[in-house]
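Report on the structure
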Amino acid sequence: MKKAVFFFLILSFFVFSPKRAYAQNKSNEFYNELLSDYREYQGLLEPFSSAKSRYLAYQSVSAQSEFLEVSKRLIKAEIEAMRSYASFVKTYLAEATKILNYDENYIYVKLDDELQYLDLARVKADSVTTLSEAEALLKELESHHQRISLLGYQTKALTEIGSVKKIFDNLKIDRGKIDSFLSSSDAAQNKVPASREKLSSLDLESDKVSTLIREAETSYKSFAFRNAAPKSKEIWDTVTKSVVAMKSLLKGYRDIIFNFK
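The rules we used
- Residues numbered from 1 in each chain as written.
- Predicted model: local features only at pLDDT ≥ 70, side-chain atom pairs only at ≥ 80, totals over all residues.
- Heavy atoms only, no water.
- Core = buried A, V, L, I, M, F, W, Y, C linked by side-chain atoms within 4.5 Å.
- Buried < 20%, exposed > 50% of the residue type's maximum accessible area, 1.4 Å probe, protein only.
- Helix = DSSP H or I, 4+ residues; strand = E, 2+ residues; numbered from the N terminus.
- Domains from an automatic or database assignment.
- Contact = heavy atoms within 4.5 Å.
- Phe/Tyr/Trp six-rings, centres within 6.5 Å; stacked < 30°, edge-to-face > 60°.
- Axes fitted to C-alpha atoms, helices over the stretch in contact; angles between N-to-C directions.
- Parallel < 35°, antiparallel > 145°, perpendicular 65-115°, else oblique.
- Left-handed = near helix turned anticlockwise from the far one by under 90°.
- Salt bridge = Lys/Arg side-chain N within 4 Å of Asp/Glu carboxyl O.

1. Re the nonpolar core
- By size, the foremost hydrophobic cluster in this structure holds 68 residues, and its most contacted members are Ile75, Leu141, Tyr220, Phe223 and Ile235.
- When contributions to this core are tallied by element, the ones reaching two or more residues are helix H1 (25–58), helix H2 (61–100), helix H3 (105–126), helix H4 (131–182), helix H5 (192–220) and helix H6 (228–258).
- Among the elements that take part in this core, H4 stands out by supplying 17 residues, more than any other.
- When residues of this core are assigned to domains, at least three fall in each of domain 1 (25–129) and domain 2 (162–259).
- Not counting chain neighbours up to four residues away, the residues in contact with phenylalanine 223 comprise Leu150, Tyr153, Gln154, Ala157, Ala228, Lys231, Ser232 and Ile235.

Listed below in structure tokens is the structure:
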């Protein structure tokens, strides 16, 4: 039987998401469960490898029996880790949706499908009686792991893009308020021309943010498992550039406002 390979996206995933703050207690709960399940899975890798080596070396009934039992424990641990991860992503997406006001039914439904499969996989793992059955289940799990990983990457990118869009929408509201103020009788008229010139120059930075967000949204549309990691980084880099540009916008708007104080 091939050694189980389980690539997990624990630390690089949501911990470093730009708006991690909106994740509430429920997703934190699943995250902690995920870490525990993954540590358990990792702890079984060495016993699995040792049992496999003994089985290949001796080909005895006892070695085969030991290898089968260790394999079943590893499979069950892998299922639990995958399930914790899918639950975490699903909950994180649901919590982010409430804040970012978007509807992403596709990912949510797909995660539900994967969780249902993993429930069935638990039953399958209990009924494994041969090494060939264990091998077949491991291969099956690998394909579902790929699907869940892709959904995780998509969720990460979606929430990053949604976060910057929400911030940018608020900045556009602020820009409109400043424009209205400069047109009002309350504004010191000797300060208005320079302020309007500053506001116009900042519109160029605003256009840059709009372009970057469109680039991120375009990148998101071409997600696939084979390019998930580099595509995620590409979106992260684009989102980071937009955040830098928005900080410049915010600084400029504050400069205009403070000029009238």
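2. Section: the packing of aromatic side chains
- One pass over the full model with this rule turns up 7 aromatic pairs.
- On the basis of an interplanar angle of 15° and a centroid distance of 6.2 Å, the ring pair of tyrosine 38 and tyrosine 41 is categorised as stacked. Of this pair, tyrosine 38 and tyrosine 41 both sit in helix H1, separated by 3 residues, roughly a single helical turn.

3. Overview of the packing of H4 against H6
- It is the contact of H4 with H6, at a shortest axis distance of 10 Å, that shows an interaxial angle of 15°. By the angle class used here, H4 and H6 are roughly parallel. Here H4 and H6 pass one another in a crossing that is left-handed.

4. Points about the environment of valine 70
- Here valine 70 shows up in helix H2.
- In contact with valine 70, other than residues within four places in its own chain, are Pro47, Phe48 and Ala51.

5. Points about the pattern of salt bridges
- Applying the stated criterion across every chain, the model contains 17 salt bridges.
- The shortest N-O distance in the salt bridge between aspartate 126 and lysine 76 comes to 2.9 Å. Highlighted residues: aspartate 126 in helix H3 and lysine 76 in helix H2, separated in sequence by 50 residues.
- In this structure, the salt-bridge partner of lysine 172 is aspartate 169, at a minimum N-O distance of 3.5 Å. Taken as a pair, lysine 172 and aspartate 169 lie in helix H4 at a separation of 3 residues, close to a single helical turn.
- The class for lysine 172 is partly exposed, based on a relative accessible area of 45%.

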